[in-house]
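Breakdown of the fold
Spelled out from the first residue to the last, the chains are:
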Amino acid sequence: MLSFNEILEKVEHEVSQLSFEYPPKSLYDPIEYILSLGGKRIRPALALMACNLYKENIDNVINPALGVEVFHNFTLLHDDLMDKADKRRNKPTVHKVWNDNTAILSGDAMLIAAYQLIGKTEPDYLKEVFDLFTETALEICGGQQYDMEFESRMDVTEPEYIEMIRLKTAVLLACSLKIGAITGGASKEDAANLYDFGINIGLAFQLQDDLLDVYGDTATFGKNIGGDITCNKKTFLLIHAFELASPEQKAVLNDWIGKTTFVAAEKIEAVTAIYNELHLKDITIAKMQGYYDKAMEHLSRLNVAPEKLNILKEVSNRLMYRQS
């Protein structure tokens, strides 16, 4: 069984070997740029880890794992464009380095490149992996659509929000794990439990992301703090702020949300102050812990030696306990 660091080293090596040589080169420069920014590589790593639970030689999962990583970065490229984000992993976003049209077209090329890699899955597993990946890709688009629709709504509920982040974030983590299970020859039951493990870790991860946008550090978070607040993004914290706020606090929140011109730092400070008054950091952490506990329940049901599960527990803890 490979260690977590060995898995990451293998993933980084394989990502560095990806080559995009079709002309024109200008179409692929943004792809190489966003992939060079690094990141946690958690999705391909999860695929390799899941496969390694069932077999020693995991070379057969590398291509679909890379496909997932290229697809993930494609979604980030387009998300940054839609959100008008300036930074990704503490570097300028693709549409800032180039322009909007280049980001759209290079993103489209990334999506096709992801499917090319998925298509290199071993024939015995190709249909199941391809169908899972395609369903996941459509779910992610649905999650992004919900996210955009929520921008113009002030009545978003917690269940609606959880479903949105399940689709937008959690399903790709779950897909990565299930791809690893399938190519590793796991039972249907184990593959399903790994998928559900991924869903719950993904929900906890996204709630942590919401938290870090308010309480994180730019240097470690890799994005500007307060971006969700300045663009009135419906996060777990904002949804609960409206549920718990006093009439006076709601008036302040509505006033800031209604402003079309404002000083970003002032808005972030004012909204964060209300979050603090309502103890929303503690509420969010408790919700995260609930999903983490569910994830561990699914992990415990796997028909593998308990010591093999340590690597997945380690990565779960790294996701849960990023700097906040």
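Below is a summary of the structure that appears in this document. (Residues numbered from 1 in each chain as written. Predicted model: local features only at pLDDT ≥ 70, side-chain atom pairs only at ≥ 80, totals over all residues. Heavy atoms only, no water.)

From N to C terminus, the protein includes 16 helices and two strands. Computed over the C-alpha atoms, the radius of gyration of the protein is 20 Å, within 12% of the 20 Å expected from 2.2 N^0.38 for a compact globule of 324 residues. Principal axes of the C-alpha set define a box for the protein whose edges measure 60 × 50 × 30 Å. At a minimum sequence separation of 6, the contacts of the protein that also span at least 24 residues come to 76%. Surface accessibility of the protein: about 14,600 Å² in total, with carbon and sulfur atoms responsible for 53%. A gap of 1 Å separates the mean positions of the 33 positive and 48 negative side-chain charges of the protein. (Helix = DSSP H or I, 4+ residues; strand = E, 2+ residues; numbered from the N terminus. Rg over C-alpha atoms; globule rule 2.2 N^0.38 Å. Contact = heavy atoms within 4.5 Å. Areas by Shrake-Rupley, 256 points an atom, 1.4 Å probe, with all protein chains shown as cover. Lys, Arg positive; Asp, Glu negative; His and termini not counted. Charge placed at Lys NZ, Arg CZ, Asp CG, Glu CD.)

So, on to helix α13 (residues 247-258). For α13, spanning twelve residues, the distance from its first C-alpha to its last is 16 Å, which sits close to the expected 16 Å at 1.5 Å a residue. Of the positions making up α13, those classed as buried are Gln249, Leu253, Trp256 and Ile257. The buried residues of α13 all sit within an arc of 100° when viewed along its axis, so they share a single face. Those residues of α13 that are exposed and angled more than 90 degrees off the buried face are Pro247, Glu248 and Gly258. In the core, the buried residues of α13 are packed alongside α12 (236-244) and α14 (264-277). (Expected span 1.5 Å × (residues − 1). Buried < 20%, exposed > 50% of the residue type's maximum accessible area, 1.4 Å probe, protein only. Arc of directions from axis to C-beta.)

It is worth spelling out the nonpolar core at this point. Counting 108 residues, the largest nonpolar core has Met49, Tyr161, Tyr275 and Leu312 as the members making the most contacts within it. With 14 residues, helix α8 (residues 158-184) is the single largest residue contributor to this core. Ignoring sequence-local partners within four residues, the contact set of Tyr161 consists of Phe150, Val156, Gln206, Leu207, Asp210, Lys234, Thr235, Phe236 and Ile239. (Core = buried A, V, L, I, M, F, W, Y, C linked by side-chain atoms within 4.5 Å.)

A few words on the packing of helix α2 (residues 25-36) against helix α6 (residues 100-118). Two measures define how a pair of helices packs: the angle their axes make with one another and the distance between the axes. For the pair α2 and α6, the least separation of the axes is 8 Å and the interaxial angle reads 75°. By the angle class used here, α2 and α6 are roughly perpendicular. On α6, the residues touching Leu27, Tyr28, Pro30, Ile31 and Ile34 of α2 are Thr102, Leu105, Ser106, Ala109 and Met110. Within the contact of α2 with α6, the residues separate by chemical class into eight nonpolar, two polar and no charged. (Axes fitted to C-alpha atoms, helices over the stretch in contact; angles between N-to-C directions. Parallel < 35°, antiparallel > 145°, perpendicular 65-115°, else oblique. Nonpolar A, V, L, I, M, F, W, Y, C, P; charged D, E, K, R; others polar.)

Quick look at the pattern of salt bridges now. Within this structure, the stated rule accounts for 15 salt bridges. Notably, a salt bridge pairs Glu69 with Arg41, separated by 2.9 Å at the nearest N-O pair. With Glu69 in helix α4 (residues 62-83) and Arg41 in the loop between α2 and α3 (42-52), the pair connects residues that are 28 residues apart, well separated along the chain. With relative accessibility at 3%, the residue Glu69 sits in the buried group. Arg153 is the salt-bridge partner of Glu160, the closest N and O atoms lying 2.9 Å from each other. Classification of Arg153 by relative accessible area gives partly exposed; the value is 24%. A single salt-bridge network, built from bridges that share partners, covers Glu12, Arg41 and Glu69. (Salt bridge = Lys/Arg side-chain N within 4 Å of Asp/Glu carboxyl O.)

If you trace the backbone, Arg43 turns up in helix α3. Each C-alpha atom of the pair Arg43 and Glu21 lies 25 Å from the other, and the pair is 22 residues apart in sequence. Excluding anything up to four places from it in sequence, Arg43 contacts Val68, Glu69, His72, Leu172, Leu173, Ser176 and Phe205.

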